[in-house]
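Fold and contact review
Listed below, chain by chain, are the residues.
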Amino acid sequence: MTSLNTLNNLKSKKIRVGRGIGSGKGKTSGRGVKGQKSRSGVAIKSFEGGQMPLYRRLPKRGFNPITKNDVAVINLGDLQKLIDTKKISADVKINIDTFKETKLFRKSINKFKVLSNGEFNSKIDIEVDYSSKFAREKIEKAGGKITVKKQSK
């Protein structure tokens, strides 16, 4: 029975607001005297007295990062199809500008990555921002050359 009493003593008593002067939170219930904040139903967290509030003065940014990296991904199989259909020439150096000129990438794309999916057998010279290990191996096996740009942070 003593263990129950010790548990009850560990709990702090709930403050009963507005229950008489002896409680220490009687009469005005700790809200002070008069004024807007003493009344019920008041929410004035960001109200600045009629001045344009800070949250409306600042520009909206949301979930659009300022320095966004739009990375396009292209598989070697798709690259081979583009070379076979003569949309891209295998003789010149292929880079991001090559894809933008042929309108295969949007203007907003600023980096691209090569992945190894699909069959590849063209001898190309390509400059990429990122590359998978297997894609690099496939390009070099076909007799091509791949240059990965050094990333600056």
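This text follows the structure it describes.
The notes below deal with the structure included here. (Residues numbered from 1 in each chain as written. Predicted model: local features only at pLDDT ≥ 70, side-chain atom pairs only at ≥ 80, totals over all residues. Heavy atoms only, no water.)

The strand order β1-β3-β5 describes an open sheet built from three strands, whose pairing is parallel. Here the strands that pair on one side only, and so sit at the sheet edges, are β1 (71-75) and β5 (130-131). In this structure, β1 lies alongside strand β3 (residues 111-115), joined through five bridges in parallel fashion. Note that in β3 the partner of Asn75 across the bridge is Leu115. Taken strand by strand, helix α3 (residues 76-84) contacts β1 and β3, and its axis lies near 75° from that of β1. (Pairing = 2+ DSSP bridges. Helix = DSSP H or I, 4+ residues; strand = E, 2+ residues; numbered from the N terminus. Contact = heavy atoms within 4.5 Å. Axes fitted to C-alpha atoms, helices over the stretch in contact; angles between N-to-C directions.)

A complete count under the given rule lists three aromatic pairs for this structure. Pairing Phe99 with Phe105 gives two aromatic rings, centres 4.6 Å apart and planes at 20°, and the pair type is stacked. Given a relative accessible area of 12%, Phe105 falls into the buried group. Where Phe99 meets Phe112, the ring centres are 5.1 Å apart and the plane angle is 65°; that geometry is what we call edge-to-face. In this pair, Phe99 is assigned in helix α4 (residues 96-101) and Phe112 in strand β3, connecting sequence segments 13 residues apart. As far as burial versus exposure is concerned, Phe99 and Phe112 are alike and both buried. Each member of the aromatic cluster is reached from another via a ring pair, and the members are Phe99, Phe105 and Phe112. (Phe/Tyr/Trp six-rings, centres within 6.5 Å; stacked < 30°, edge-to-face > 60°. Buried < 20%, exposed > 50% of the residue type's maximum accessible area, 1.4 Å probe, protein only.)

Across the sheet, which stays open at both edges, the three strands sit in the order β2-β4-β6 with parallel pairing between neighbours. The outermost strands of the open sheet, each flanked by one partner alone, are β2 (93-94) and β6 (145-148). Across four bridges, strand β4 (residues 125-128) lies against β6 in parallel orientation. Along β6, the bridge assignment pairs Asp125 with Lys145. Helix α5 (residues 133-141) contacts β4 and β6 of the sheet and is inclined by roughly 145° relative to β6.

A word on the nonpolar core. Membership of the largest hydrophobic core comes to 21 residues, with the highest contact counts inside it found for Leu79, Phe99, Phe112, Val114, Ile124, Ile126 and Ile139. At the level of secondary structure, the elements contributing two or more residues to this core comprise β1, α3, α4, β3, β4 and α5. Top element by residues in this core is α3. It accounts for four residues. The contact partners of Val114, leaving out residues within four places of it in the chain, are Ile74, Leu76, Ile126, Val128, Tyr130, Ser131, Ser132, Ala135 and Ile139. (Core = buried A, V, L, I, M, F, W, Y, C linked by side-chain atoms within 4.5 Å.)

Bringing unusual backbone geometry into the picture now. In this structure, Lys27 is a non-glycine residue whose phi angle is positive, near 50°. Relative to the assigned elements, Lys27 resides in the loop between α1 (2-10) and α2 (54-57).

Just geometry here; none of it tells us what the structure is for.
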